[in-house]
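# A look at the structure
Below are the chains, spelled out letter by letter.
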Amino acid sequence: MAADARATASDAPPISVRGLVKRYGDVTAVAGVDLTVEAGDVYGYLGPNGAGKTTVLRMLLGLIRPTSGEVRVFGRDPQSDPVGALRGVAGFVEAPKFYPYMTGRKNLELLADLDGGDARSRIGEALDIVELTERAKHKVGGYSHGMRQRLGVAAALLRNPQLLLLDEPATGLDPAGMRDMRALVARLSQAGTTVLLSSHLLNEVEELCNRVAIVRTGTFVFEGRLDELRASMGGDWRLRTTDDVRALAVLAEAPGITNPRADGLEVRFDASEAAVEALSVRLVEAGLAIRALAPHAAALEDLFFSLTEGDANAGAVQGPGAAGDPEGASGDPESAAGNPESAAGDLENAAGDPAGPSATPGEDA
Amino acid sequence: MVGLRTVYAWEIRKLLRQKRTYIGVALAIGFPALFVIALSLQTGEPDDIAFGRYVRESGLAIPPVMLIFGSIWLFPLITSLVAGDIVAAEDHNGTLKTILTRSVGRGRVFTAKVLAALTYALFALFLMGIVALIGGVLMSGFHPLTTLSGTTVSSKKALLLLVVCFGIYFLPLIAVASIALLLSTLTHNSAGSVVGALAISILLQLVAILPGLESLQPYLLPNQFNAWQGLLRTPADWAPVIRAAWVCALYAAPCLAWAAWSFSRRDVTGG
Ligand SMILES: Nc1ncnc2c1ncn2[C@@H]1O[C@H](COP(=O)(O)OP(=O)(O)O)[C@@H](O)[C@H]1O
Ligand SMILES: [Mg+2]
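Residues numbered from 1 in each chain as written. Chains lettered and ligands numbered in written order. Predicted model: local features only at pLDDT ≥ 70, side-chain atom pairs only at ≥ 80, totals over all residues. Heavy atoms only, no water.

## Some points on the overall build of chain A
Here is the rule we go by: A run of H or I in DSSP counts as a helix once it spans at least four residues, and a run of E counts as a strand once it spans at least two, with each numbered from the N terminus. A simple rule labels every residue: compare its accessible area, found with a 1.4 Å probe on the protein chains alone, to the largest value its type can have, and call it buried under 20%, exposed over 50%, or partly exposed in between. By definition in these notes, contact holds between two residues if any of their heavy atoms fall within 4.5 Å. Areas reported as accessible are Shrake-Rupley estimates using a 1.4 Å probe. Residue values count occlusion only from the protein chains shown.
Tallying secondary structure elements over chain A gives 15 helices and 13 strands in all. A buried classification covers 50% of the 365 residues belonging to chain A. Long-range contacts, defined here as pairs at least 24 residues apart, represent 69% of the contacts in chain A between residues at least 6 apart. Of the accessible surface of chain A, which amounts to about 15200 Å², a share of 51% is contributed by carbon and sulfur atoms.

Shown next, in the form of structure tokens:
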């Protein structure tokens, strides 16, 4: 079974979605999404609560029927050929759910039997990876949220997937759990697994993903490589040198540098990544020692909020790969005002995570 | 794709691990046991129902009496207790998304659930029969049984006939199970489906005794619960048995088809 799963993967992309729409009554959860995930990608599907992330994943998994549009998973339609489309695919939407009256191990045995093949032989290893071996003999009914989340990952690993779909996998995990989850995703990706990861946490996507789609109320406001996104936003940079006055002079003359300004102990300016590379050489040539030269950390976050809150500027920062949705970009004030909670929640999350951006995947592997 | 047998085996294992399964089992054991105990503590007999007046002549008369009592609510309840829950429980636990994202199609999952619910009903029915028989034989002995025609059949032949009678009694239970499965699939609510299926089978009994509807009676579900009695006559009357077979199929098939269609197309949004 695993062998023919590898065979189908070679030609069709893991995920190909065209003009996907899902309406629930008068609520449009997904409003025309085009999405291609190539083999090897770690694709971040980023957006605030209610943006339609889960709904897209449900359609990929064949759990719900699209209102219109086309979904292909390894070239197959999850509606007409669910078993074929999901061969080599694993993952979960929202919180993973199990039979509370059975033990963790029994639940995995059930799922392994429904997978067929040699899935049963992977149970022990999967439990080890998510560190649930000790608790596997207890009923799932007594598991904490984090343990269920980890059991969900173990259940996905049983399928030895080439494509892993994860819906906000860090939700409800403590900082250590989040770090482990991210380390695992990074490791699976290095081992060749394609990953589609939905998230409302910018730092999670920044840390793990090479491509990103930023969604707002069912449509893309940006789609492309993360480095393209950074480049396209004409980033806000900060610089620390041994001599700020001379640094400002160099900045004023350097090409592609705008709006240089002193900001406390450092100098801030706007520039593209390429301009910054040239600048670093100029600074050294001018005899200045560079203590720090980095993108202003909050810049991408500001951009994320401006995009997802439908800021009028959003159109200006669409990357080269952007799906180009005029409606989404033009930003209607109503939906911007409609979601203040989720934006605040994101900020809190980003700030409250001590493992945060400094955690490197794999360091504890 | 994973075989039906594997999915069915897990449906049975799931049933074995849930408390509600044992409520029906306890009813199937407790009801005939209490009946026999009550009979042995007093002197009269329930002679207003068929076979009731023979309960002290032969223990073989107890199972048929149980079948007659059980058709009112006991067996519809035991059957729908599981059939009404078996799909809705997945909604309640949010586990549909868990099992439907493995290597098994929806049709197979649904078929396995139907078979598991029917297995349970059949098991509970025969369990009750065995308890009733053991209790009856302990109380009144293993003696020849007087049929509805007043003739007598040997105890061995009576036992064989009873097994067939229980099989025939299973036909209307298939219909009840199908109604419960349909409600379970459509409502996503276990308690509602169990109560709903029970209410429907009781309502049909009321319809059956409405004046003016007598001509309809042979085609209503409650009558099919009496079809087995044709076999305990001399000569055996197979007409009600044959009617039970197709009438029950007419109830079960559309319910199952509708449920299967709904299950295979529904949006799995919960969980
Ligand atoms: N079953 C449903 N019935 C009605 N509306 C729904 C349903 N599921 C999702 N929605 C709506 O669709 C939108 C997108 O939801 P969802 O995909 O869960 O977003 P996300 O996962 O990005 O938070 C929300 O407005 C939500 O209220
Ligand atoms: Mg979601």
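## Observations concerning the interface of chain A and chain B
Worth spelling out the cut-off: Simply put, the buried area is the total loss of 1.4 Å probe accessible area from both parts when two parts are fitted together. When a carboxyl oxygen of Asp or Glu lies within 4 Å of a side-chain nitrogen of Lys or Arg, that pair is called a salt bridge. Here a polar contact is taken to be a pair of N or O atoms separated by no more than 3.5 Å, where protein atoms must pair a possible hydrogen donor with a possible acceptor and residues adjacent in sequence count only if both atoms sit in side chains. Ten residues, namely Ala, Val, Leu, Ile, Met, Phe, Trp, Tyr, Cys and Pro, are considered nonpolar, four, namely Asp, Glu, Lys and Arg, are considered charged, and the remaining ones, Gly among them, are considered polar.
Across the boundary between the two partners, chain A contributes 34 residues, which contact 31 residues of chain B. Interface area, chain A with chain B, both sides summed: about 2900 Å², of which 57% is carbon and sulfur. The largest contributions to the chain A side of the interface with chain B come from L63, Y101 and L114 of chain A, which together make up 24% of the buried area. The interface formed by chain A and chain B includes two salt bridges. The partner of D267 of chain B in a salt bridge is K22 of chain A, with the nearest N and O atoms 2.6 Å apart. In this assembly, chain A and chain B are joined by 19 residue pairs in polar contact (both at pLDDT 80 or more). Looking at the side of chain A that touches chain B, the elements with two or more residues in it are strand 1 (15-24) and helix 4 (104-115) of chain A. The element best represented in the side of chain A that touches chain B is helix 4 of chain A, accounting for seven residues. Residue composition of the side of chain A that touches chain B, by class: 20 nonpolar, three polar and 11 charged.

## What to know about the pattern of salt bridges
With the rule as written, the count across this model stands at 26 salt bridges over all chains. D115 of chain A is the salt-bridge partner of R159 of chain A, the closest N and O atoms lying 2.5 Å from each other. Placement of the pair is R159 of chain A in the loop between helix 6 (145-157) and strand 6 (163-167) and D115 of chain A in helix 4, with a sequence separation of 44 residues. Residue class for R159 of chain A comes out buried when judged on its relative accessible area of 10%. Through salt bridges with shared partners, one network takes in E11, K14, E90 and K113 of chain B.

## Topic: unusual backbone geometry
For the peptide bond that leads from T234 of chain B to P235 of chain B, omega is -10°, which places it in the cis range. Its location among the elements puts P235 of chain B in the loop between helix 10 (221-224) and helix 11 (239-265). Located in the positive-phi region is N259 of chain A, a residue other than glycine, with phi close to 55°. Inspection of the secondary structure puts N259 of chain A in strand 11 (residues 258-263).

## Focus on the packing of helix 4 (residues 74-83) of chain B against helix 8 (residues 155-187) of chain B
Residue and element names in this part refer to chain B. How we decide: Here an angle of 0 to 180 degrees is reported between the N-to-C directions of two axes, which are lines fitted to C-alpha atoms, with helices fitted over the stretch in contact. For classification, angles of less than 35 degrees are called roughly parallel, those exceeding 145 degrees roughly antiparallel, those between 65 and 115 degrees roughly perpendicular, and all remaining angles oblique. In this scheme the handedness of a crossing depends on how the near helix is turned from the far one: anticlockwise by less than a right angle means left-handed, clockwise means right-handed.
Contact pair helix 4 / helix 8: the axes reach a minimum separation of 8 Å and the direction vectors enclose 40°. It follows from the interaxial angle that helix 4 and helix 8 lie oblique. Regarding helix 4 and helix 8, the two cross each other, and that crossing is right-handed. Residues F75, P76, T79, S80 and A83 of helix 4 pack against Y169, L173, V176, A177, A180, L181 and S184 of helix 8. Residues belonging to the contact of helix 4 with helix 8 are distributed by class as follows: nine nonpolar, three polar and no charged.

## Topic: the nonpolar core
Selection rule: Throughout this description, the term nonpolar core refers to a set of buried Ala, Val, Leu, Ile, Met, Phe, Trp, Tyr and Cys residues connected via side-chain atoms within 4.5 Å.
Formed by 167 residues in total, the largest nonpolar core has its most connected members in Y45 and L60 of chain A. Examining the composition of this core, we find that 16 residues originate from one element, helix 8 of chain B, more than from any other. L239, L251, A275 and V276 of chain A belong to the second largest nonpolar core, which has 15 residues in total.

## Let's talk about the confidence of the model for chain A
All names here are of chain A. Applicable threshold: Within a predicted model, pLDDT stands for the predictor's per-residue confidence, ranging from 0 to 100.
For chain A, the mean per-residue pLDDT works out to 80, and 78% of the residues sit at or above 70. Averaged over each element, pLDDT in chain A is lowest for helix 15 (residues 340-351) (34) and highest for helix 4 (97). Per-residue pLDDT stays below 50 along residues 311-365; that stretch engages in 74 contacts with residues further than four places along the chain or on separate chains.

## Quick look at the site of ligand 1
To be explicit about the condition: Near, as used in this document, describes a residue that has one of its heavy atoms within 4 Å of the molecule or strand being considered.
Y24, V27, A29, P48, N49, G50, A51, G52, K53, T54 and T55 of chain A together with T269 of chain B make up every residue found near ligand 1. Each of chains A and B places residues next to ligand 1. Residue A51 of chain A places a main-chain N or O atom 3.1 Å away from an oxygen atom belonging to ligand 1. Backbone polar atom of K53 of chain A to an oxygen atom of ligand 1: 2.8 Å apart, as the coordinates give it. Isolated, ligand 1 exposes 560 Å² of accessible area, and the fraction of that covered by the protein chains is 65%. Looking at the shell around ligand 1, the elements with two or more residues in it are strand 2 (27-37) and helix 2 (53-60) of chain A. The greatest single-element share of the shell around ligand 1, amounting to three residues, is contributed by helix 2 of chain A.

## Focus on the state of the cysteines
Residue and element names in this part refer to chain B. Note the following rule: A pair of cysteine sulfur atoms is labelled a disulfide when the two atoms are within 2.5 Å.
For the coordinates displayed, the defined rule picks out zero disulfides over all chains. Free of any disulfide, C165 has its nearest cysteine sulfur in C248, 15 Å distant. Between C255, a cysteine without a disulfide, and C248, which holds the nearest cysteine sulfur, the sulfur-to-sulfur distance is 12 Å. Judged by relative accessible area, C255 falls into the buried class, the value being 14%.

## Observations regarding the side chain of Q149 of chain A
Residue and element names in this part refer to chain A. Positionally, Q149 belongs in helix 6. For Q149, a relative accessible area of 2% corresponds to the buried category. When near neighbours in sequence (up to four residues on either side) are disregarded, Q149 contacts F92, A95, P96, E168, P169, T171, L173 and M181.

## Quick word on the environment of A292 of chain A
Residue and element names in this part refer to chain A. Along the polypeptide, A292 turns up in strand 13 (residues 290-295). In the structure, A292 is positioned 128 residues away from L164 in sequence and 37 Å away in space, judged by C-alpha atoms. Residues in contact with A292, not counting those within four places in the same chain, are R238, L239 and R240.

## Remarks on the sheet that holds strand 12 (residues 266-270) of chain A
All names here are of chain A. This is how it is decided: Note: two strands are recorded as paired if DSSP finds a minimum of 2 bridges between them.
With respect to topology, four strands assemble into an open sheet ordered 11-12-10-13, the strand pairing being antiparallel. Single-partner strands in this sheet number two, and they are strand 11 and strand 13. Direction aside, the axes of adjacent strands within the sheet are offset by 20° on average. Of the strands in this sheet, strand 10 (236-241), strand 11 and strand 12 are in contact with helix 10 (residues 244-253), which crosses strand 12 at around 10°.

## Some details on helix 6 of chain A
Residue pairs spaced three or four apart in an α-helix point in one direction, given the helix's 3.6 residues per turn. Residue and element names in this part refer to chain A. Here is the rule: Working rule for helices: expected span equals 1.5 Å times residues minus one.
Taking 1.5 Å as the rise per residue, helix 6 with 13 residues should run 18 Å; its terminal C-alpha atoms sit 19 Å apart, in good agreement. Within helix 6, 10 of the 13 residues are buried, which leaves the element mostly enclosed by the surrounding structure. Three or more residues of helix 6 are buried, namely G146, M147, Q149, L151, G152, V153, A154, A155, A156 and L157. Close packing links the buried residues of helix 6 with strand 5 (89-92), helix 4, helix 5 (123-129), strand 6 and helix 7 (175-190).

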